[in-house]
Amino acid sequence: MTVTSAAQPATSPLAGVARGGSFAVLGTGGGSILGFILTLVLTHGLTTTTAGQFFSATAIFIVLQTFLSFGVGAGLVRFVPRWRALDREADLPALLVVAFVPVVVLGIVGSVALWLAAPVLASRIGHDNTDAALSSIRILALLFLPGVVEVGIVESTRAFGSVRNYVLLQQLGIPAARPVLVGIAIATDAPLWGVVLAWLIPLVLALLLALVLLARRMRELFGRALAWPARTASVREIAAEYWSFTGARGLAGVMEILLTWLDVLLVAALASPAEAAIYAAASRFILSGTLVLQALRVAIAGDVSAALARQDTARVSQMYSTASQWVVLSSWPLYLVMAVFAPTVLRIFGESYPAGAHALTVLCMAMLVNLAAGNVGTVLLMGGRSTWVLMDKAAALTVNVAANLVLVPRFGITGAAVAWAVTIVLDSVLAFGQVRWGMRIGGNLRGLAVAGVLALGCFAVIPVAVRMIAGSSLPAMSIAIVLSSALYLPMVWARRNSLGISILIQALSRRGRHS
């Protein structure tokens, strides 16, 4: 049920989400800013062709990393808090063993396979400079195993209840180190493989730190000798329970990351590395605006898993619906401004990058739907519906591949944007329907509708009018933002109770008093 009254007690489950989410918002926001800085370093420090090769090579790494880590992070985030809520803490050491042994084996296999496949991959993304692409892919292959294991180890810190450690490592530490190291590599005229190595080093450092934190947490729970406690189930039963969920999630994760990066690879293969760089800058830019969505995903995942284990769907509905309102209120304005002033936004990467303006506008419109759906994927996964997520991603990936193959050769990066936009909308609508009607979770949509109307009325109408009068420029965009905000903020504040803002303010003030 959506929060509708200021009389809602501060002990609402949403207060915990707000307190946990506030730190996650800082982390995700900082990570987004740092990721943006990294993109600036790459687009200004490298030619568009070399930047396209970099984005393509790292996209291959990210896809394979997600594939061979096989959903281990999502599995641990679901099962650790769930089993602790069900008094199955004694099964956790065995859970870690059955989770990580297959991932380590797959990481070794993937490293060897990537090394052997490097010449073929380099010929597809390298075009006129396959030697640079080949060396880069082989550097990725050498450090592939640590990259795969890092996914699960860092997620384990969040699974055991430390959102802070997860944020500091994954959302701040790695993004903070990358622009510095990559910038040094570019400034010293390092070859492409040196730039790729600089991008990889923070993953290895995060893995080492996360291993120390996880070992410390296990000693706290089970003693310094890490004695194997009496389990409530056999290792075989634990493995079957864990992998029946995580296997499907792993496949869905692969499809999800393919949906994010496949279009970049297809543009590089079917068009050119230069166009791939422009499209990567435009398409990666839209991900930076999901910081509130991602922060709330981090904050609510454990609570949702525990609540669903107790079959407390009312609590989950309240967290999910109000969190979705917060996402729309905070994120829709950003995407609407980016859609209207796309050429100005992209010009920050360089003079050739506004060529991706139409692509950015198309993707921003699709992201409005994605943000309004909220953290539907988290609810499905924490509710054990990983097979539903898998089917959604399979359908979306099929549509995406077909649309890219048809549209990219004819329309280039705009065609790739349309393909991904259709995919985003399809995936969001499917998952929203499954959560609302399949799981009976969702609450009242009135607050979400009000949030959307306020954002559209202020940040669509005014910016469009300003652009029609003054064109797309930084001063015009700044004027549009100031005018829209001057109207938007008082209207949101006047409806702070019905939109759940009061709960957020109370939670943050309580956090401040106790910090």
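Up top is the structure these notes are about.
The rules we used
- For every chain, the first residue of its written sequence is number 1, and the numbers climb from 1 along that sequence.
- Residue-level local features of this predicted model are given only where pLDDT is at least 70; pairs of side-chain atoms are given and counted only at 80 or more, and the full residue set underlies all totals for whole chains, interfaces and linings.
- Excluded from the side-chain calculation are hydrogens and water; included are all heavy atoms of the structure.
- For this analysis, a nonpolar core means a set of buried residues of the types Ala, Val, Leu, Ile, Met, Phe, Trp, Tyr and Cys, connected via side-chain atoms within 4.5 Å.
- Each residue is assigned to one of three classes by its accessible area relative to the maximum for its type, calculated with a 1.4 Å probe on protein chains only: buried under 20%, partly exposed between the two thresholds, exposed over 50%.
- The helix and strand labels rest on DSSP assignments: H or I over at least four residues marks a helix, E over at least two residues marks a strand, and numbering proceeds from the N terminus.
- Contacts are residue-level and defined by heavy atoms, with any inter-residue pair within 4.5 Å sufficient.
- Planes of paired rings set the category: under 30 degrees apart is stacked, over 60 is edge-to-face and the rest tilted, where pairs are Phe, Tyr or Trp rings (Trp by its six-membered ring) whose centres lie within 6.5 Å.
- To estimate the expected span of a helix, count its residues, drop one, and scale the result by 1.5 Å.
- Here the bend at each residue means the angle between axes fitted to two seven-residue stretches, the one ending at that residue and the one beginning there.
- Salt bridges are defined by distance alone: a side-chain nitrogen of Lys or Arg within 4 Å of a carboxyl oxygen of Asp or Glu.

1. Overview of the nonpolar core
Then, in step 1: In terms of nonpolar packing, the biggest core is built from 170 residues, with L42, L76, L95, W199 and Y279 touching the most fellow members.
Then, in step 2: For this core, the element with the highest residue contribution is helix α9 (residues 235–270), accounting for 17 residues.
Then, in step 3: Here Y279 is in contact with D263, V264, V267, R284, A359, L363, I413, A416, A417 and W420, once residues within four sequence places are set aside.

2. Considerations on the packing of aromatic side chains
Then, in step 1: Applying the stated criterion to the full structure yields 12 aromatic pairs.
Then, in step 2: Pairing Y242 with W243 gives two aromatic rings, centres 5.0 Å apart and planes at 85°, and the pair type is edge-to-face.
Then, in step 3: By relative accessible area, which is 0% here, Y242 ends up buried.
Then, in step 4: Residue classification places W243 among the partly exposed residues on the basis of a relative accessible area of 21%.
Then, in step 5: Consider the rings of F432 and W437, whose centres lie 6.2 Å apart with planes at 85°: the pair is edge-to-face.
Then, in step 6: The class of F432 is buried, set by a relative accessible area of 18%.

3. As for helix α8 (residues 192–222)
Then, in step 1: For α8, spanning 31 residues, the distance from its first C-alpha to its last is 46 Å, which sits close to the expected 45 Å at 1.5 Å a residue.
Then, in step 2: At W199, α8 is bent by approximately 25°, the largest bend along its length, and proline P202 sits one to four residues beyond.
Then, in step 3: Looking at the residues trailing α8, positive phi occurs at G223, about 95°.

4. Comments concerning the environment of L368
Then, in step 1: When you line up the elements, L368 lands in helix α14 (residues 357–373).
Then, in step 2: Separated by 35 residues in sequence, L368 and P333 place their C-alpha atoms 9.6 Å apart.
Then, in step 3: Not counting residues up to four positions away in its chain, the partners in contact with L368 are W332, Y335 and L336.

5. Quick word on the pattern of salt bridges
Then, in step 1: Per the counting criterion, the structure on display carries 6 salt bridges.
Then, in step 2: E241 is the salt-bridge partner of R88, the closest N and O atoms lying 3.1 Å from each other. With R88 in the loop between α3 (72–85) and α4 (92–126) and E241 in helix α9, the pair connects residues that are 153 residues apart, well separated along the chain.
Then, in step 3: With its nearest N and O atoms 2.8 Å apart, the salt bridge here joins R158 to E155. With R158 and E155 both in helix α6 (residues 144–159) and 3 residues apart, this pair spans about one turn of that helix. Each member of the pair, R158 as well as E155, carries the same accessibility label: buried.

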